[in-house]
Amino acid sequence: MIRKLKKLWIVFQITFVKPGIKAGEYLRKKNIFAHFGKDCSWHTKNLPSEPELVKIHNNVHVAADVRFITHDIICDMFNHHPRYKKYAPWPFYRGTIEIFDNCMIGANSIIMYNTQIGPDAIVAAGAVITQDVPSGEIWGGGTRSKNR
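In what follows, the accompanying structure is described.

Cut-offs applied
Residue positions are given per chain, counted from 1 along the sequence in the order it is written. Reporting in this predicted model follows two pLDDT cut-offs: at least 70 for local features of residues, and 80 or more for side-chain atom pairs to be given and counted; totals over whole chains, interfaces and linings ignore these cut-offs and use all residues. With hydrogens and water stripped out, all remaining heavy atoms of the structure feed into the side-chain values. Here, a salt bridge means any side-chain nitrogen of Lys or Arg that lies within 4 Å of a carboxyl oxygen of Asp or Glu. For the purposes of this entry, the term helix denotes a DSSP run of H or I that reaches at least four residues, the term strand denotes a run of E that reaches at least two, and both are numbered from the N terminus. For each residue, the accessible area found with a 1.4 Å probe, counting protein chains only, is set against the maximum for its type, and the residue is called buried under 20%, exposed over 50%, and partly exposed in between. Residues belong to a common nonpolar core when they are buried Ala, Val, Leu, Ile, Met, Phe, Trp, Tyr or Cys residues joined through side-chain atoms within 4.5 Å. We call two residues in contact whenever any of their non-hydrogen atoms come within 4.5 Å of each other. Patches were defined on residues exceeding 30% relative accessible area and lacking a salt bridge, with like-charge contacts within 9 Å and nonpolar side-chain contacts (Val, Leu, Ile, Met, Phe, Trp, Tyr) within 5 Å. Values of accessible area rely on a 1.4 Å probe in the Shrake-Rupley scheme; residue burial ignores everything except the protein chains shown. Strand pairing follows a simple DSSP-based rule, namely that at least 2 bridges must link the two strands. We treat Lys and Arg as the positive residues and Asp and Glu as the negative residues; His and chain ends play no part in the count. N or O atoms closer than or at 3.5 Å make up a polar contact, with two conditions inside protein: a donor-capable atom paired with an acceptor-capable one, and, for residues adjacent in sequence, both atoms drawn from side chains.

Thoughts on the pattern of salt bridges
Inspection of every chain in the model, using the stated rule, returns one salt bridge. A salt bridge links E50 to R94; the shortest N-O distance between them is 3.6 Å. Separated by 44 residues along the polypeptide, E50 in the loop between β2 (41-42) and β3 (54-56) and R94 in the loop between α3 (74-79) and β6 (97-99) bring together distant segments of the chain. By relative accessible area, E50 is classed as buried at 9%.

Notes on the nonpolar core
One finds L27, F33, W42, I56, I99, I111 and I117 to be the most contacted residues of the largest nonpolar core, which totals 29 residues. Elements represented by at least two residues in this core include exactly α1 (2-17), α2 (21-30), β3 and β6. Tallying contributions element by element places α2 first for this core, with three residues.

Comments concerning the environment of K45
Its place among the elements puts K45 in the loop between β2 and β3. Each C-alpha atom of the pair K45 and G95 lies 21 Å from the other, and the pair is 50 residues apart in sequence. Apart from residues lying up to four places away in sequence, K45 is in contact with V11, I14 and T15.

Focus on a nonpolar patch on the surface
A cluster of nonpolar side chains, namely W9, F12, F16 and V17, defines an oily patch on the protein surface of about 440 Å² accessible area. In this structure, F16 sits in helix α1. Judged by its relative accessible area of 62%, F16 is exposed.

Here we look at the sheet that holds strand β11 (residues 128-129)
The sheet built from three strands is open, its strands ordered β5-β8-β11 with parallel pairing. Two strands in the sheet have a free side with no partner beyond their single neighbour: β5 (67-68) and β11. Alignment of strand β8 (residues 110-111) against β11, held across two bridges, turns out to be parallel. Bridging across to β11, I111 finds its partner in I129.

Side note on the side chain of D72
Here D72 shows up in the loop between β5 and α3. The buried charged residue D72 lacks any salt bridge partner; its closest oppositely charged side chain belongs to R94, at an N-O distance of 10 Å. A polar contact of 2.7 Å, which involves the side chain of D72, links it to the side chain of Y113. The contact partners of D72, leaving out residues within four places of it in the chain, are F92, Y93 and Y113.

Written out as C-alpha cells, the structure is:
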C-alpha cells in the first residue's frame, strides 16, 4: 500500500508540478529507477510497474505517453487454462530496459523488456521496441535508418 501511494505521489509530481527537465531531476532524486542519469527530461505520466528494472543514462529525453513494459502476463492465461494446466506452472517473464546516453524516445512509444537502446539513438513516435536498438540509429514504424 505504501509503495502504491509513493508511486501515485511521484506520478502527481511529474504530471502537474514538475514537467520535462524538472521531472527528470525529481525522478533522479527519488531514486526509484535502477539508474537515472543527469540532464534527462521526462514528459510521460507513465512510470514502469517495476522501475527498479529500468536504467536511464545521461541526456535521455522521454516524450509524452511512452510506456516501459518490464514484464508480461501470458503466464496468467496459460496457468489458468484447462488445456495447458498439465504444463503449468508457466513462468512469469520479467526483464530489464536500458537506455544509454544521448537518446530521444518519441511520443507513444512502447519499450519492451530485455531491450537496450544504444547511445545516440532515436526511437520515433509510436514505435514498439522489441529488440536492441544499435548506437546512432533511428527506429520507428518497423524500419530503421542510420543516423547521419
